[in-house]
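The residues making up each chain are set out below.
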Amino acid sequence: MAKDWWKASARDIPRIVVEPPGPKSRTMHASACRYFHGLSSQVKLFPVCFEQGHGITLTDVDGNRYLDFSSGIYVTSLGHAHPKISEAVAHWAKRLMNCHDFTTPVKDELLSKMAAILPGRLHAIQFYSDGTAAVEAALRAARAITGRHEFLSCFRDFHGKTMAAVSCAQMSRGDVLAYGPTRAPGFYMVPRPDPYRPTFAKPDGTIDTDAYLRFYDAFIREGTAGNVAAFVLEPAQGWGGSIFPPEDFFPKLRAFCDQRKILLYADEVLTGMGRTGEWLCLSHWNVLPDVVTFGKSFGNGFPVTAMVVSEENAGALEKISASSSYGGNPMACAAALASLEVIEEEELLENVRRVGGYFAKRLQAMKQAHPIVGDVKGKGFLLGIELVKDKAGKEPFEEAGQLVYQKAFRKGLAWIPAGHILRMSPPLIMDEKYAGLGLDLIEESIAEVEKQFGYR
Ligand SMILES: Cc1ncc(COP(=O)(O)O)c(C=O)c1O
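Residues numbered from 1 in each chain as written. Predicted model: local features only at pLDDT ≥ 70, side-chain atom pairs only at ≥ 80, totals over all residues.

1. Digging into the overall build of the protein
Next, step 1: For the protein, the helix and strand inventory stands at 16 helices and 14 strands.
Next, step 2: At 22 Å, the protein has a C-alpha radius of gyration in line with the 23 Å of a compact globule built from 456 residues.
Next, step 3: For the protein, the C-alpha atoms occupy an extent of roughly 65 × 60 × 45 Å along the three principal directions.
Next, step 4: Within the protein, the proportion of its 456 residues that are buried is 50%.
Next, step 5: Residue pairs in contact within the protein that sit at least 24 positions apart in sequence constitute 74% of those at least 6 positions apart. (Helix = DSSP H or I, 4+ residues; strand = E, 2+ residues; numbered from the N terminus. Rg over C-alpha atoms; globule rule 2.2 N^0.38 Å. Buried ≥ 20, exposed ≤ 12 C-beta atoms within 10 Å, placed from the backbone. Contact = placed C-beta atoms within 7 Å.)

2. Regarding the sheet that holds strand 3 (residues 65-68)
The strands making up a sheet associate through hydrogen bonds between their backbones, and the pairing can be parallel or antiparallel.
Next, step 1: Taking strand neighbours across the sheet as the criterion, the four strands line up as 1-2-3-13 in an open arrangement whose pairing is mixed. The outermost strands of the open sheet, each flanked by one partner alone, are strand 1 (50-54) and strand 13 (413-414).
Next, step 2: In this sheet, strand 2 (residues 57-60) lies alongside strand 1 in antiparallel orientation, the contact comprising four bridges. The partner of Phe50 across the bridge, within strand 2, is Asp60. (Pairing = 2+ DSSP bridges.)

3. Quick notes on the site of the ligand
Next, step 1: Around the ligand there are 14 residues in total, and Gly131, Thr132, Gly160, Val269 and Leu270 lie nearest to it.
Next, step 2: Considering each element in turn, the shell around the ligand owes the most residues, three residues, to helix 7 (residues 131-146).
Next, step 3: Partitioning the shell around the ligand into residue classes produces five nonpolar, six polar and three charged. (Near = placed C-beta within 6 Å. Nonpolar A, V, L, I, M, F, W, Y, C, P; charged D, E, K, R; others polar.)

4. Things to note about unusual backbone geometry
Next, step 1: Put simply, Ile13 and Pro14 share a cis peptide bond, and its omega is -10°.
Next, step 2: With respect to the element layout, Pro14 can be found in the loop between helix 1 (7-10) and helix 2 (23-32).
Next, step 3: A cis geometry characterises the amide bond from Pro20 onward to Pro21, with omega recorded as -5°.
Next, step 4: Inspection of the secondary structure puts Pro21 in the loop between helix 1 and helix 2.
Next, step 5: Positive phi outside glycine occurs at Lys394, with the angle close to 60°.
Next, step 6: Mapped onto the elements of the fold, Lys394 is located in the loop between strand 12 (382-387) and helix 15 (398-411).

5. Focus: the pairing of strand 5 (residues 150-154)
Along any regular strand the residues' side chains alternate between the sheet's two faces.
Next, step 1: In terms of burial, strand 5 is largely enclosed, as five of its five residues are buried.
Next, step 2: Residues Glu150, Leu152 and Cys154 point to one face of strand 5 and Phe151 and Ser153 to the other, with burial holding for every one of them.
Next, step 3: Note: strand 5 against strand 7 (residues 228-233), three bridges, orientation parallel. By the bridge assignment, Glu150 is partnered in strand 7 with Val228.

6. Thoughts on the packing of helix 6 (residues 105-117) against helix 13 (residues 330-345)
Next, step 1: Where helix 6 meets helix 13, the axes come as close as 9 Å, and the angle between the chain directions of the two elements is 35°. Helix-helix and strand crossings are classified by hand; for helix 6 and helix 13 the assignment is left-handed. From helix 6, Val106, Lys107, Glu109, Leu110, Lys113 and Ile117 reach across to helix 13, where they touch Pro330, Cys333, Ala334, Ala336, Leu337 and Leu340.
Next, step 2: Looking at the contact of helix 6 with helix 13 residue by residue, the class counts come to nine nonpolar, no polar and three charged. (Axes fitted to C-alpha atoms, helices over the stretch in contact; angles between N-to-C directions. Left-handed = near helix turned anticlockwise from the far one by under 90°.)

7. Considering the pairing of strand 11 (residues 373-379)
Next, step 1: Of all seven residues in strand 11, seven are buried; the element is thus mostly enclosed.
Next, step 2: Across six bridges, strand 11 lies against strand 12 in antiparallel orientation. Considered in strand 12, the bridge of Asp375 is made with Glu386.
Next, step 3: Counted between consecutive antiparallel strands, the loop separating strand 11 from strand 12 contains two residues, among which Gly380 sits at a positive phi close to 55°.

Structure (structure tokens):
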């Protein structure tokens, strides 16, 4: 497969033929909303209806064509309708869609492939069909491995929406009011180092990682039953706004967990499989997790997820049956296997590192140039822009976040809002030309909003 399979459809994007959301989008969306309730802010703030995707391009029902800076929601990371992946799914769709958890040739091949690419001895694997189910399995596995039942996770983490996953995630005030309490007994949240907004800082204002660890130590002694099975973390917080910890956090946390025989569980549903330029985001800090989950881009849009533990803990997985209706079905395994092969064949980890460097440089320049850009974040293709009312006070600028999101979308950029932090997760196939084009649309929109609020 030629690496540039997506380039022809991207030639003239963005192409806006009618101001979006156009008349067909508006009518269709209103029709759907008679019955569907509970949309994300991504859709509520820009209710456009899509009918096609190819590579880095999305087309709406009015014929507008957008540059994709969201990969759905961190999902279609290898481009929409990647020919190799679509064909692999179609092959099994015509041959064998489901046979419970019996072994199939494609499942066997996928397992061997995963064992070959994952670092360390992360060789004991189970398959599921959404990220949340893999997270639930990881929590069960951690209990089965350690015989303990408590969990620590971090403020602003997200791990899914079932009860145990919600128990280690920060839900919005609205969620808590609607169906709270959201935390089951034995689940605790602790602060996590955010270099831009440190809870614990040194006298010079820089983040104090050791103070966080001292707090965790005190919290475990004073606030838990001393029965902590695992520390549950996203290596970088996706929903939280592409927030990366300081470089010394994970190496120190690994040692902290080892000293207390607590498992380190990295939820790589969003960060894994190449998004930051490594198979595992945690590899940036040379840290190995005991438990890890993959999802979102794992099957490039086909629902397939995985929970993996290190080989020495494989026995515990026997105690938590992975049998489910859809987990590891042949189409799912084919999508995941083809996706891993595409990452290798198209040298996408290298592309993410190279173009990620370009993103980082441009974002830093944006931070210097714009009074409302308080901070820029990211590694590889997992990026964020934090908007503030003034750089000294760092007050979050929510209204600006919404407006910049909507303005850039109207110009032809499909992307992701998160309050005052704008999030970007472009397909990993993107080159500098389109990366620059997307950032131009964002920067123009930021400048317009600054003008609107009297900053220029
Ligand atoms: C880190 C993380 N874990 C788990 C999930 C849940 O995945 P899913 O939506 O596939 O259930 C998400 C979803 O956004 C996530 O970002």
